[in-house]
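Examining the three-dimensional arrangement
Chain by chain, the residues run as shown.
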Amino acid sequence: EQPAVDHAHQQPGEEDEEFGGRAETAGDWTGAIAFYERGIDQDTLAEDFYRGLMRCHLALGAPANALRAYRRCRELLSIVLGVQPTAETEALHRTI
């Protein structure tokens, strides 16, 4: 049995990440993409959402969309924070 989630104490976007992950696990790639994109709308610098998008687009056989998600992530991190994506994001990028 899954533990109850206290939605009142979640940060913006956490619910989208949680539901996106569940949709991914169920193989609902399109549904997961919708949650991850909504999460990005709330937090444009959250790499977890971009990685989710990349995984889903790859699963759907759309590597160009996966690359687009990676590039958007990389550009925003560079422009806003002056940093590069994490090693985890870069490793996923290399699989595309």
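Presented here is a report on the structure given in the accompanying data block.

Overview of the overall build of the chain
Scanning the chain from terminus to terminus reveals 5 helices and 0 strands. If you list the helices and strands of the chain from N to C, you get α-α-α-α-α. Counting over 96 residues, the chain shows a buried share of 34%. Considering only contacts within the chain whose residues lie at least 6 apart along the sequence, 47% involve residues at least 24 apart.

Topic: the pattern of salt bridges
One pass over the structure, following the stated rule, counts 4 salt bridges. R55 is paired through a salt bridge with E24; the nearest N and O atoms lie 2.7 Å apart. Placement of R55 in helix α3 (residues 47-59) and of E24 in helix α1 (residues 14-25) is noted, with a sequence separation of 31 residues between them. A relative accessible area of 33% places R55 in the partly exposed class. Close ionic contact of E88 with R51 constitutes a salt bridge, the shortest N to O distance being 3.4 Å. Here E88 is found in helix α5 (residues 87-94), whereas its partner R51 is found in helix α3, with 37 residues between them in sequence.

Comments concerning the side chain of E24
Among the residues examined, E24 registers a relative accessible area of 13% and is labelled buried. Residues within four places of E24 in sequence aside, it is in contact with W29, A32, Y36, G52, R55 and C56.

Observations concerning the nonpolar core
Proteins that are soluble and globular tend to have nonpolar side chains buried together. Counting residues in hydrophobic clusters, the biggest one holds 17 residues, and the most contacted among them are A32, Y36, I40, F49, L53, M54 and C56. The set of elements that each furnish at least two residues to this core consists of α2 (29-42), α3 and α4 (63-81). If we ignore the near neighbours within four places in the chain, the residues touching L53 are I33, Y36, E37, I40 and A69.

What counts and how
- Residues numbered from 1 in each chain as written.
- Predicted model: local features only at pLDDT ≥ 70, side-chain atom pairs only at ≥ 80, totals over all residues.
- Heavy atoms only, no water.
- Helix = DSSP H or I, 4+ residues; strand = E, 2+ residues; numbered from the N terminus.
- Buried < 20%, exposed > 50% of the residue type's maximum accessible area, 1.4 Å probe, protein only.
- Contact = heavy atoms within 4.5 Å.
- Salt bridge = Lys/Arg side-chain N within 4 Å of Asp/Glu carboxyl O.
- Core = buried A, V, L, I, M, F, W, Y, C linked by side-chain atoms within 4.5 Å.

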